[in-house]
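As a plain string of letters, each chain reads:
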Amino acid sequence: MTQKNEKGALLTRKVPQGYVLLKSSDGFEFYVAEECAKVSKFLKTTLESDFSEAKTGQMILNEIPGHLLEKVCEYFYYHIMYEQTEGNLPPFEFPPEMAVELLMVANFLDT
């Protein structure tokens, strides 16, 4: 869960170099290789900006619950793994009941 000091400011933790910490709306945290996170144009733009998220390597995604953010992080790695592959790719699998929510998250993250 996100911790705050007595003044309500977020306490940041050190994120290993080359990684970003993505925090879901329900408190789940995912360490993702920065290269993979930048599959999302939204995350790439934010991480290459002068915003505090770029400096700390941490982003709180209040709009995205953990079960969806986990699947999105899996997709980031899938994308990087197969971006140079020609021909048929193995399918990126997800439960059909997540399809609409994942589509909305992908749209939000510009992925």
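Above this text you will find the structure in question.
Owing to the predicted nature of the structure, the values given are computational and were not obtained by experimental measurement.

J.: With reference to specific residues and values, describe the overall build of the protein chain.
T.: On a plain count of helices and strands, the protein chain comes out with five helices and three strands. Listing the helices and strands of the protein chain from first to last along the sequence gives β-β-α-α-α-β-α-α. Split into buried and exposed, the 111 residues of the protein chain put 32% on the buried side. Sequence-distant contacts in the protein chain: of pairs separated by 6 or more residues, those separated by 24 or more amount to 58%. If you sum the accessible surface of the protein chain, you get close to 7,400 Å²; carbon and sulfur atoms cover 54% of it.

J.: Now, about the pairing of strand 1 (residues 19-24): what can you tell me, with residues and values included?
T.: Of all six residues in strand 1, five are buried, a share of seventy percent or more. Examined bridge by bridge, strand 1 and strand 2 (residues 29-33) share five bridges and lie antiparallel to one another. Paired with Lys-23 across the strands is Glu-29, a residue of strand 2.

Definitions and cut-offs
- Residues numbered from 1 in each chain as written.
- Predicted model: local features only at pLDDT ≥ 70, side-chain atom pairs only at ≥ 80, totals over all residues.
- Heavy atoms only, no water.
- Helix = DSSP H or I, 4+ residues; strand = E, 2+ residues; numbered from the N terminus.
- Buried < 20%, exposed > 50% of the residue type's maximum accessible area, 1.4 Å probe, protein only.
- Contact = heavy atoms within 4.5 Å.
- Areas by Shrake-Rupley, 256 points an atom, 1.4 Å probe, with all protein chains shown as cover.
- Pairing = 2+ DSSP bridges.

That is the geometry; function is a separate question.
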